[in-house]
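Structural overview for review
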Amino acid sequence: MNLLLPLRCAGCGLAGFALCAGCGGRFARLRRVHPPELSSAPPVHALARYCGRARTALLACKEGGRRDLEGPLAARVAVALREILDEHAALVGTGPVRLVPAPSRPAAVRRRGRAYLVRLARRAERGVPGVRTADCLRLSPLVRDSVGLDSARRFENLRGGVLLRRSRVPSPGTPVLLFDDVLTTGATLLNCREALAGAGLPVAGMLVLANAARET
Ligand SMILES: [Zn+2]
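Please read all numbers here as calculations on a predicted model, not as lab measurements. (Residues numbered from 1 in each chain as written. Predicted model: local features only at pLDDT ≥ 70, side-chain atom pairs only at ≥ 80, totals over all residues. Heavy atoms only, no water.)

**Quick notes on the coordination of the zinc ion**
Under the convention used in this document: Each metal's donors are the N, O and S atoms within 2.8 Å of it, or within 3.2 Å when it is Na, K or Ca, and because water is not part of the set, sites may look incomplete. Geometry is assigned from donor-metal-donor angles: four donors are tetrahedral when every angle falls between 85 and 135 degrees, four are square planar and six octahedral when opposite donors sit over 155 degrees apart with all other angles between 65 and 115, and any other arrangement is irregular. Think of it in three bands: with a 1.4 Å probe and only protein chains considered, a residue is buried below 20% of the maximum accessible area for its type, exposed above 50%, and partly exposed in between.
Protein-derived ligands of the zinc ion are Cys9 (SG), Cys12 (SG), Cys20 (SG) and Cys23 (SG), with the metal-ligand distances lying across 2.3 to 2.4 Å. Every donor counted, the four donor atoms about the zinc ion form angles of 104 to 114° at the centre, which fits tetrahedral coordination. With relative accessibility at 4%, the residue Cys9 sits in the buried group. On the basis of relative accessibility, which here comes to 6%, the residue Cys20 falls in the buried class.

This is the structure:
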């Protein structure tokens, strides 16, 4: 990181902010989304649409090494988690809820220098009593980068490719909220849910930072 560079908003370039109020506000309107592939899934919530400044800021954090965005984004995630827990109390019950980040390919984690989604989850959980992160999923080495793949190929690429990290799996029956960055086709979330079901873990809800799928 070059400390001599002036701080600029990752969404719009405004000086003096990591994420200005306007761009941060793009992640402030939690909404239910209904992608057709997830029609039988538990509720899916998104913080933002994956376009414009929200997309620019998210990519700056994910691929551009802007770690200073992790705090502001995690704060938005924490607010969203509290809203979801309030709204869907019956789904998650009264016990502890585990926030499970969708896994990234090891090559992507190495390229980015960190598992940024796990870091966001761990920062967010600090602001939400009763929620703890369980980084208990990983991707098979056979899973390829899905960028550029159409929906059918994304599903094919991920089929059976989400695996459990056995030592980190919560006790069976623990309610889980799945957490991913961008919802494109739902292939990642569905395969994560399937892997967790194999460990007796019910997914009570799904939260994504941004929705790239059509909203109805
Ligand atoms: Zn901005």
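**Focus: the pairing of strand β7 (residues 176-183)**
Heads up, the condition is: Helix numbers and strand numbers start at the N terminus; a helix is a DSSP run of H or I with at least 4 residues, a strand a run of E with at least 2. When DSSP finds two or more bridges between a pair of strands, those strands are recorded as paired. With its strands directed away from the observer, a crossover is right-handed exactly when the path from the first strand over the helix to the second travels clockwise.
Of all eight residues that make up β7, eight are buried, and the element is covered over most of its length. Of the strand pairs in this sheet, strand β3 (residues 97-101) and β7 are connected by four bridges, and their pairing is parallel. Across the sheet, the residue bridging to Leu99 is Leu177, located in β7. Pairing geometry for β7 and strand β8 (residues 203-211), over seven bridges, is parallel. Its bridge partner lying in β8, Phe179 is registered against Leu207. Regarding the hand of the β-α-β motif, the stretch spanning β7, helix α8 (residues 187-197) and β8 is right-handed.

**What about the sheet that holds strand β4 (residues 131-133)?**
Which entries qualify depends on this criterion: Angles here are taken between N-to-C directions and fall from 0 to 180 degrees, while the axes themselves are lines fitted to C-alpha atoms, restricted in helices to the stretch in contact.
Read from one edge to the other, the open sheet built from six strands follows the order β1-β2-β8-β7-β3-β4, with strand pairing classed as mixed. Every other strand in the sheet has two partners, leaving β1 (31-33) and β4 as the edge strands with one partner each. Averaged over all adjacent pairs, the angle separating strand axes in this sheet is 30°, with direction ignored.

**Considerations on the state of the cysteines**
Heads up, the rule is: Two cysteine sulfur atoms form a disulfide, by the criterion used here, when they sit within 2.5 Å.
One pass over the structure, following the stated rule, counts zero disulfides. Not engaged in a disulfide, the cysteine Cys61 finds its nearest cysteine sulfur in Cys9; these two sulfurs lie 12 Å apart. Classification of Cys61 as buried rests on a relative accessible area of 0%.

**Examining helix α3 (residues 70-87)**
Convention followed: In this analysis, the expected span of each helix is defined as 1.5 Å times one less than the number of residues it contains.
Its 18 residues give α3 an end-to-end C-alpha distance of 25 Å, which sits within 8% of 26 Å, the value for a rise of 1.5 Å per residue. Along α3, the positions that sit buried rather than exposed are Glu70, Leu73, Ala74, Val77, Ala78, Ala80, Leu81, Ile84 and Leu85.

**Concerning the layout of surface pockets**
Gaps left between atoms are located by rolling a probe of water-molecule size over the structure's atoms. Put simply, the rule is: As defined here, a cavity is a set of points on a 1 Å grid over the protein atoms alone where a 1.4 Å probe fits but cannot get out. A pocket is an open set with protein on both sides within 12 Å along at least five of seven lines, and residues line them when an atom is within 4 Å of a point. Grid points are joined across faces, edges and corners, and a volume is the space filled by probe spheres set on the points.
Space inside the largest pocket adds up to approximately 740 Å³. Considering the residues around the largest pocket, the lining is formed by 34 residues, among which Lys62, Asp145, Ser146, Arg154 and Asp181 are closest to the centre. For the lining of the largest pocket, the secondary structure elements donating two or more residues are α2 (52-62), α5 (106-112), α7 (151-158), β7 and α8. A total of four residues in the lining of the largest pocket trace back to one element, the largest contributor, which is β7.

**Some remarks on the packing of α3 against helix α6 (residues 116-125)**
Going by this rule: Roughly parallel means an angle under 35 degrees; roughly antiparallel means over 145; roughly perpendicular covers 65 to 115; every other angle is labelled oblique. Less than a right angle of anticlockwise turn of the near helix away from the far helix marks a crossing as left-handed, whereas a clockwise turn marks it as right-handed. In this analysis, two residues are considered to be in contact whenever any of their non-hydrogen atoms come within 4.5 Å of each other.
The geometry of α3 relative to α6 is characterised by a closest axis approach of 8 Å and an angle of 60° between their N-to-C directions. In terms of axis orientation, α3 runs oblique to α6. Crossing of α3 over α6 shows right-handed handedness. In this structure, α3 uses Glu70, Gly71, Leu73, Ala74, Val77, Ala78 and Leu81 to contact α6, whose residues at the interface are Tyr116, Arg119, Leu120, Arg123 and Ala124.

**Topic: the environment of Gly200**
One can find Gly200 in the loop between α8 and β8. Taking the relative accessible area as the measure of exposure, Gly200 reaches 38% and is therefore partly exposed. For Gly200 and Pro172, which are 28 residues apart along the polypeptide, the C-alpha to C-alpha distance reads 4.7 Å. Among residues more than four places away in sequence, those in contact with Gly200 are Pro172 and Gly173.

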